[in-house]
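# Coordinates in review
Listed below, chain by chain, are the residues.
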Amino acid sequence: MAENENGQERSEQPTGKRLRESREKGQIARSREFNTFVMLITGGAFLLFQGGGMAEQLAALVVDGWTLERGLIFDPGLLMPHLRDLIGRALLILVPLFIVLTVVALLGPILIGGANFSTKAFAPKFSKLNPITGIKRVVSVQGLMELVKGLGKFFLVGIVAVLAIKSIWGSLLGLGEMPVEQAIVQTAHMAAWLFLVASSALLLVALIDAPFQIWNHQKQLRMTLQEIKDEFKETEGKPEVKGRIRQMQHEMSRRRMMAEVPKADVVITNPTHYAVAISYQPATMRAPRLLAKGTDAVAAAIRELAEEHRITRVEAPRVARAIYFTTELNQEIPGGLFVAVARILAYVYQLKREDQDAELPTELPVPEEYLDPRAAPRGRR
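As the structure is a prediction and not an experimental result, all values here were calculated from the model. Here, residues in each chain are numbered from 1, in the same order as that chain's written sequence. Reporting in this predicted model follows two pLDDT cut-offs: at least 70 for local features of residues, and 80 or more for side-chain atom pairs to be given and counted; totals over whole chains, interfaces and linings ignore these cut-offs and use all residues. Excluding hydrogens and water, the side-chain values take into account all heavy atoms of the structure.

## A few points about the overall build of the chain
Think of it this way: any DSSP run of H or I at least four residues long counts as a helix, any run of E at least two long counts as a strand, and we number them from the N terminus. From N to C terminus, the chain includes 15 helices and four strands. Look at the contacts in the chain between residues 6 or more apart in sequence, and 74% of them connect residues 24 or more apart. Areas reported as accessible are Shrake-Rupley estimates using a 1.4 Å probe. Residue values count occlusion only from the protein chains shown. For the chain, the computed accessible surface area is about 24,300 Å², with 61% contributed by carbon and sulfur atoms. It only takes one pair of heavy atoms within 4.5 Å for two residues to be counted as in contact.

Encoded structure:
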């Protein structure tokens, strides 16, 4: 089992954050053997179908290169332009092959580790200059795998190449009896075929190396239990920090709520343990709305603000408790409390008109289920 520098076992699969950081650093699963195999096979197949035509064009180019006109012989200044023209024509002949190999070189790695581009991968890593680290890489499982792959490729390609040459030995000897142009085309075709067959021997190496690289990459990213715990703390935040954030959010919410109290039409109290601030604007509200609520210290603060802003306070313990348990801030009161709140508001409006006959009604119906904080649902309608 792999261990980290502290001796702890890396027994846990990497987290999503660890995988993202790995990709950002350019550390993804890659198989050079698979990429090499794909490029060689693609190049061999291209030469097998297009190699004859390319060989004819290159042969004609060689003939043109060695056929010097009289002016080129007696004017050395024309030789360099002639050479540049020959090189340009040769490159144009080889451009299709270069394009195919470039595309395969870009797409091959994507088949293993997916597309990824990271600028961090270009940054110099001086730790790789440490000879001790280098020796560890050589004698590691990765180093052993590289040695096995090197020997395997040597023997596989060598054996397959020898067998392929033996199978076409008669055809090779027959090239001497063909016209030059035909022999060139046939040679190119046979060379492409030999190249393709020899490259196919690397399929076995690629099939072994690609899964190994994926497994080894996942192994290197494994984490210890302590690393997972530390990452969780870093991501989610330390408990004391989270508690402080919740406290600050609660304080901000409380300040916003207290700022709404001066807009209330009435504050209904318990009288000391509960306080709720109610507002009702017939033109814009379908029903009375809860602006603020609180218990104990918060209830005392609501009462002080009500007194400061001359907001009517009504002692109705059952109504105050029912509103507190069933209604969230800025929500309409539940339907079961419409009658009780309507009677309280009517009393408040009478006081504002300085009605001498204003009297708080004694009948304020409150459903019993609204008084139980465990049974009364929030925002019940």
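## So, the pattern of salt bridges
Salt-bridge detection follows one rule: a side-chain nitrogen of Lys or Arg within 4 Å of a carboxyl oxygen of Asp or Glu. All told, the structure shown has six salt bridges when counted by the stated rule. Measuring nitrogen to oxygen at the nearest pair gives 3.8 Å for the salt bridge that ties D85 to R89. On the criterion of helical spacing, the pair formed by D85 and R89 is a turn pair, its members being four residues apart in helix α4 (residues 79-107). Only protein chains enter the calculation, and the probe is 1.4 Å; a residue is then buried if its accessible area is under 20% of its type maximum, exposed if over 50%, and partly exposed in between. Relative accessible area serves as the criterion here: at 33%, R89 is assigned to the partly exposed category. With a shortest N-O distance of 3.9 Å, E332 and R289 are connected by a salt bridge. Linking E332 in the loop between α14 (317-326) and α15 (338-352) with R289 in strand β3 (residues 289-295), this pair joins segments that are 43 residues apart in sequence.

## Digging into helix α2 (residues 32-66)
Residues spaced three or four apart along an α-helix point in a common direction, a consequence of the helix completing one turn every 3.6 residues. A rise of 1.5 Å per residue sets the reference length of α2, with its 35 residues, at 51 Å; its end C-alpha atoms lie only 41 Å apart and thus fall more than 12% short of the reference. Maximum bend of α2: about 65°, positioned at Q50. What a helix is expected to span follows from its residue count: subtract one and scale by 1.5 Å. We define the bend at any residue as the angle between the axes fitted to the seven residues before and including it, ending there, and the seven starting there.

## Here's the deal with the sheet that holds strand β1 (residues 266-269)
A pair of strands is treated as paired once DSSP finds two or more bridges between them. Strand order in the open sheet made by the four strands is β3-β2-β1-β4, with mixed pairing throughout. What marks the edges here is a single partner per strand, and that holds for β3 and β4 (312-315). For this sheet the average axis-to-axis angle between neighbouring strands, irrespective of direction, equals 20°. In terms of strand pairing, β1 meets strand β2 (residues 274-279) through four bridges, oriented antiparallel. Lines fitted to C-alpha atoms define the axes here, with helix axes fitted over just the stretch in contact, and angles between the N-to-C directions of these axes take values from 0 to 180 degrees.

## Here's the deal with the confidence of the model for the chain
Atom-level detail of predicted coordinates should not be read off regions where pLDDT is low. Think of pLDDT as the predictor's per-residue confidence, scored from 0 to 100. Across the chain, the average pLDDT comes to 79, with 84% of residues at or above 70. Put simply, helix α6 (residues 131-138) is where the chain has its lowest mean pLDDT, 60, and β2 is where it has its highest, 93. The low-confidence segment residues 377-381 (pLDDT under 50) makes 19 contacts with residues lying over four places distant or belonging to another chain.

## Some details on the side chain of R303
Tracing the backbone through its elements, the reader meets R303 in helix α13 (residues 296-308). If near-sequence neighbours (up to four positions away) are discounted, R303 is found in contact with T269, P271, T272, A275 and R313.

## Re helix α10 (residues 202-221)
Over its 20 residues, α10 extends 28 Å from the first C-alpha to the last, a length consistent with the 28 Å expected when each residue adds 1.5 Å. Within α10, the full set of buried residues consists of L202, V205, A206, D209, A210, F212, Q213, N216, H217 and L221.

## Quick look at the nonpolar core
Only buried Ala, Val, Leu, Ile, Met, Phe, Trp, Tyr and Cys residues count toward a nonpolar core, and they belong to the same one when joined by side-chain atoms within 4.5 Å. By size, the foremost hydrophobic cluster in this structure holds 27 residues, and its most contacted members are I268, V319, I323 and I344. Looking at this core, the elements that each hand over two or more residues are β1, β2, α14 and α15. Those residues within four positions of I268 in sequence are excluded, and the remaining contacts are Y274, A275, V276, I278, V314, A316, V319, A320, I323 and I344.

## Observations regarding the pairing of β2
The buried fraction of β2 is high, at six of six residues. Alternating residues of β2 divide into Y274, V276 and I278 and A275, A277 and S279, and every residue in both groups is buried. Hairpin geometry of β1 and β2 is characterised by an intervening segment of four residues between the two adjacent antiparallel strands. Judged from the six bridges that link them, β2 and β3 form a sheet pairing that is antiparallel. Considered in β3, the bridge of V276 is made with K293.

## Topic: unusual backbone geometry
Residue D296 is not a glycine yet carries a positive backbone phi of 50°. Relative to the elements of secondary structure, D296 occurs in helix α13. Given a relative accessible area of 47%, D296 falls into the partly exposed group. Notably, N330 is not glycine yet its phi reads approximately 65°, a positive angle. Among the secondary structure elements, N330 is positioned in the loop between α14 and α15.

## A closer look at the pairing of β4
Alternating residues of β4 divide into T312 and V314, all buried, and R313 and E315, none buried. Where β1 and β4 come together, four bridges link them in parallel fashion. The partner of T269 across the bridge, within β4, is E315.

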